[in-house]
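Next come the chains, spelled out residue by residue.
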Amino acid sequence: MEKILSLLRNNARLSNRELSVMLGISEEEAAAKIKALEKEGIIKGYLTVCNESKVENAPVHAMIELKVVPMKELGFQDIANRVIALEAVDSVYLMAGDYDLAVFVKGKTMQEVATFVAKRLATLDSVLSTNTHFILNKYKEDGIILEDGSTQDIRSTLKSE
Amino acid sequence: MSPIKFNERLSKIPEGVLHKYLELATDPSILSLSVGEPDFPTPFHIRQAAIDSIQLGKTFYTPSRGLLSLRKEISSILSRKHHLDYDPVNEIIVTVGASQALEAAFITLLNPGDEVIIITPAYITYVPIIVMCGASIVPIVTRADEGFKLTPEALSAAISDKTKMLVLNYPSNPTGGVMTHEDYEAIAQILRLKDIVVISDEIYSELTYGVTHASIAQCVGMKEKTILINGFSKAYAMTGWRLGYMCSTPEIIKNISVYHSNAILCPQTISQFAGIEALKNGDEDIHHMREEYDMRRRLVIDRLNKMGLPCATPLGAFYAFPDIRSSGLSSMDFCSALLQSKKVAVIPGNAFGAAGEGYIRFSYSYSLQHIQEALDRMEAFMKEIKK
């Protein structure tokens, strides 16, 4: 992976100035590289990782295993297109194994998610079955430990252990 | 009962600035930049090799000089990376970290009254052990504008007829300075004519940026006078494993062995198996960590200079050693004030000897986010004190 990309994947808020210093290139070059990565469709967006357990009225998350019948010629693409079009859906992955699509959804309440699965997902043509797992707690997301006080730097903990 | 009489030399160890400072920095909410160890965990395949040795029951004593298979790997990596040839059978001892190699070398070679030249600012643990041996310290002061290198002029001036030993530590903790092969050649010209043993602590040899690591042992005639010391802590992020080694002539190694084998019997067996794996398959890990340090280094140097803390570009190790004299504060006052007002801990330069007064040591063996936060706070601190 290009260095500038791996730096941004760890911290999307690094300024062009910081990136240029760290990579030993000019600020203009750094800006141009990012523009190119965006243009090529490699960088698709910049999000904030947040610990929702501390956010008021945070949404409920669930992971749904979807078994589907692949369509002739289109394979899984057609059903994937239908699923990603749904607003409540955060992520969709094609899986190897017991089921086909892993669908991550969010809703205001468990009831809302349940209704969404029953009415919008399960009813899609070519969906054979759904298996819904509600997410109870997130410990780590995108490489970042969410819980306060836990640290990836074990050194300090050893000094007081 | 009369009070216990301790070794009288204990009281001759100069009182360190460091512990005084660390007493101040105990609050767990402090953002520390004071640690001198890699922030990376030991690469998993290396940990696995240790687990394997435990599962296979390979947990007995080894030869006191260390497993021959490990010494062979050490010999091979020194030849492959630094073009140095050491015989695994009689020129290498595996030690409990580079620290124990240093201790064994000092104890085996020094007599009361001997003079030991050290290059300052210097790593903190040299002086106390040398003092415990009854030898005296002759510090050479190196300068930021000379990249903290040892110059032949300074060396000549420090040598007397009592000089027994010269301790080198490049890449340097705390300054990040390095010596090139040419720099060493200039030093070697003086040393070739003298009966001085050189201790070359090369623990940061894998962490140089844009320059190739050089060793004084590479200079013609110097390998015979040098005890090369290295270890696994910094290169492979293996600090807690306590594994190092020393290489020298069969005569020196034989004599050190007399002490070493009695002092420790043998280095930790489990760590030695991990060490074999590290030397065999650790190159990629080193490469990855070095790249990370290098990016942090560039960022740190850029920002320190910008905020009014001029800093020579360190070419090795993972420390920046900025000049803080523009603040008008002493190293200790600067560090205490920074600690108090911004909760950032850096080490006062004079913890590394009087030559470090006017400087601070900033370790960048921390995550980028951690470093950025610390730099932000330091920048705010600098603005406040300049008002």
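Conventions adopted
Residues numbered from 1 in each chain as written. Chains lettered and ligands numbered in written order. Predicted model: local features only at pLDDT ≥ 70, side-chain atom pairs only at ≥ 80, totals over all residues. Helix = DSSP H or I, 4+ residues; strand = E, 2+ residues; numbered from the N terminus. Contact = placed C-beta atoms within 7 Å. Domains from an automatic or database assignment. Pairing = 2+ DSSP bridges. Nonpolar A, V, L, I, M, F, W, Y, C, P; charged D, E, K, R; others polar. Buried ≥ 20, exposed ≤ 12 C-beta atoms within 10 Å, placed from the backbone. Core = buried A, V, L, I, M, F, W, Y, C linked by C-beta atoms within 7 Å. Axes fitted to C-alpha atoms, helices over the stretch in contact; angles between N-to-C directions.

Engineer: Can you explain the overall build of chain A? Please cite residues and give values.
Structural biologist: When helices and strands are counted, chain A shows six helices and six strands. Secondary structure of chain A in N-to-C order comes out as α-α-α-β-α-β-β-α-β-β-β-α. Oriented by its inertia axes, the alpha-carbon framework of chain A measures out at about 55 × 45 × 30 Å. Considering only residue pairs separated by 6 or more positions, chain A has 51% of its internal contacts joining residues 24 or more positions apart.

Engineer: Residue-level account of the domain arrangement of chain A, with values.
Structural biologist: Segmentation of chain A into domains returns domain 1 (3-39) and domain 2 (52-140). Here the C-alpha centroids of domain 1 of chain A and domain 2 of chain A sit 34 Å apart.

Engineer: Explain the sheet that holds strand 12 (residues 360-363) of chain B to me, and be specific about the residues and the numbers.
Structural biologist: Residues and elements named next belong to chain B. One open sheet holds the three strands; their spatial order is 9-12-11, and the pairing between them is antiparallel. Both edges of this open sheet fall to strand 9 (319-320) and strand 11 (347-348), since each of them pairs with a single strand only. In this sheet, strand 12 lies alongside strand 9 in antiparallel orientation, the contact comprising two bridges. By the bridge assignment for strand 12, Ala 320 is matched with Phe 362.

Engineer: Go over the interface of chain A and chain B, please, and point to the residues and values.
Structural biologist: On the chain B side, the residues contacting the eight residues of chain A number ten residues. At three residues, helix 2 (residues 16-23) of chain A tops the list of elements feeding residues into the side of chain A that touches chain B. Looking at side-chain class alone, the side of chain A that touches chain B contains two nonpolar, three polar and three charged residues.

Engineer: Which residues make up the environment of Leu 166 of chain B, and what values go with them?
Structural biologist: All names here are of chain B. Here Leu 166 lies in strand 5 (residues 163-168). Looking at Leu 166, the number of C-beta atoms within 10 Å reads 28, which means it is buried. For Leu 166 and Pro 322, which are 156 residues apart along the polypeptide, the C-alpha to C-alpha distance reads 26 Å. With residues near it in sequence (within four places) discarded, Leu 166 still touches Ile 117, Ile 196 and Val 198.

Engineer: Before we move on, can you summarise the nonpolar core with the specific residues and values?
Structural biologist: Generally speaking, nonpolar side chains in soluble globular proteins are found buried as a group. The biggest cluster of nonpolar side chains holds 115 residues, and the ones touching the most others in it are Ala 105 and Ile 199 of chain B. Apart from the residues lying within four places of it in its own chain, the contact partners of Ile 199 of chain B are Leu 102, Ala 105, Met 165, Val 167, Leu 168, Ile 227 and Ile 229 of chain B. By size, the runner-up hydrophobic cluster in this structure holds 13 residues, among which are Ile 79, Leu 101, Phe 116 and Leu 121 of chain A.

Engineer: Can you break down the sheet that holds strand 3 (residues 101-107) of chain A residue by residue, with the values?
Structural biologist: Strands in a sheet are paired, the pairing made by backbone hydrogen bonds, and the direction either parallel or antiparallel. All names here are of chain A. Here we have four strands laid out as an open sheet, ordered 2-3-1-4, and antiparallel in their pairing. Two strands bound the open sheet, and with one partner strand each, they are strand 2 (89-94) and strand 4 (127-134). Ignoring strand direction, the axes of neighbouring strands in this sheet form an average angle of 20°. With seven bridges joining them, strand 1 (residues 60-68) and strand 3 adopt antiparallel strand pairing. Paired with His 61 across the two strands is Lys 106, which belongs to strand 3. Sitting on the sheet, helix 4 (residues 77-84) is in contact with strand 1, strand 2 and strand 3, with an inclination near 165° to strand 2.

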